[in-house]
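Chain residues, written in single-letter form:
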Amino acid sequence: MFSRQIRFADIDQLGHVNNVRFFDYLEDARLAMLYLDPIRAGGQPHRGLVVARHEIDYRRALTFRPEPVRVETWVTAISPVRFTLAYEIRDEDVVFVEAMSVMVAYDPAAGTPRRLTGDERAYLEKFTA
């Protein structure tokens, strides 16, 4: 779970969080899960992962407020080269956004997809629903 404070800059002319800004919220949660949390636990961050696809469903308008929202993230599928993350941007009572990202393991030197390592798979399995 990742908490995100709504910033004034996130608000559009209609008075709610702009649809594009929600992708920033998802990115922050993904970065925390795959990069920062492993470092905080004394491990290595997961590198060489790229987004292949995003889907997002806007459920309720989210307006500027003093309370942060939560971005809950879990893994719904793992295959040899890719995995799928699901997200909810929510507070205690309301789901504002449901989303998913397909992530692909990538070798930047070769410029091609690669297989997930055993360590990557084991890490992701801890977050399966």
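Residues numbered from 1 in each chain as written. Predicted model: local features only at pLDDT ≥ 70, side-chain atom pairs only at ≥ 80, totals over all residues. Heavy atoms only, no water.

Describing an aromatic ring pair means giving the distance of the ring centres and the angle of the ring planes. One pass over the structure, following the stated rule, counts four aromatic pairs. Ring plane angle 55° and centroid distance 5.7 Å describe the contact between Phe 22 and Tyr 58, whose orientation is recorded as tilted. With Phe 22 in helix H1 (residues 21-40) and Tyr 58 in strand E2 (residues 49-58), this residue pair connects regions lying 36 residues apart in the sequence. By relative accessible area, which is 37% here, Tyr 58 ends up partly exposed. (Phe/Tyr/Trp six-rings, centres within 6.5 Å; stacked < 30°, edge-to-face > 60°. Helix = DSSP H or I, 4+ residues; strand = E, 2+ residues; numbered from the N terminus. Buried < 20%, exposed > 50% of the residue type's maximum accessible area, 1.4 Å probe, protein only.)

Right, let's get into the environment of Ala 86. Looking at where Ala 86 falls in the secondary structure, it is placed in strand E4 (residues 82-90). Among the residues examined, Ala 86 registers a relative accessible area of 11% and is labelled buried. For the pair Ala 86 and Thr 76, spaced 10 residues apart in the sequence, the C-alpha separation amounts to 6.5 Å.

Another point: the side chain of Asp 10. Residue placement: Asp 10 occurs in the loop between strand E1 (2-4) and H1. Sequence-distant contacts of Asp 10, that is, excluding residues within four places in its chain, are made with Arg 4, Gln 5, His 16, Val 17, Asn 18, Arg 21 and Tyr 25. (Contact = heavy atoms within 4.5 Å.)

Okay, the environment of Ile 11 next. Considering the arrangement of structural elements, one finds Ile 11 in the loop between E1 and H1. With near-sequence residues (within four places) excluded, Ile 11 lies in contact with Ile 6, His 16, Val 17, Thr 63 and Phe 64.

A few words on the pairing of E4. Where burial is concerned, most of E4 is hidden: eight out of the nine residues are buried. The pairing of E4 with strand E5 (residues 95-107) spans nine bridges and is classified as antiparallel. For Arg 82, the partnering residue across the bridge sits in E5 and is Val 104. (Pairing = 2+ DSSP bridges.)

Here we take up the pattern of salt bridges. The final tally for this structure, using the stated rule, is 15 salt bridges. Here Asp 57 and Arg 59 are joined by a salt bridge, their closest N and O atoms 3.6 Å apart. Accessibility expressed as a relative area gives 46% for Arg 59, which makes it partly exposed. For Glu 72, the salt bridge is made with Arg 70, and the minimal N-O distance between the two is 2.7 Å. (Salt bridge = Lys/Arg side-chain N within 4 Å of Asp/Glu carboxyl O.)

Okay, the nonpolar core next. Grouped together as the largest cluster of nonpolar side chains are 27 residues, with contacts concentrated most on Phe 22, Tyr 25, Leu 62, Phe 83 and Ile 89. The set of elements that each furnish at least two residues to this core consists of H1, E2, strand E3 (69-78), E4, E5 and helix H2 (118-125). Filtering out sequence-adjacent residues up to four positions away, Tyr 25 remains in contact with Arg 4, Ile 6, Asp 10, Val 17, Leu 62, Val 69, Val 71 and Ile 89. (Core = buried A, V, L, I, M, F, W, Y, C linked by side-chain atoms within 4.5 Å.)

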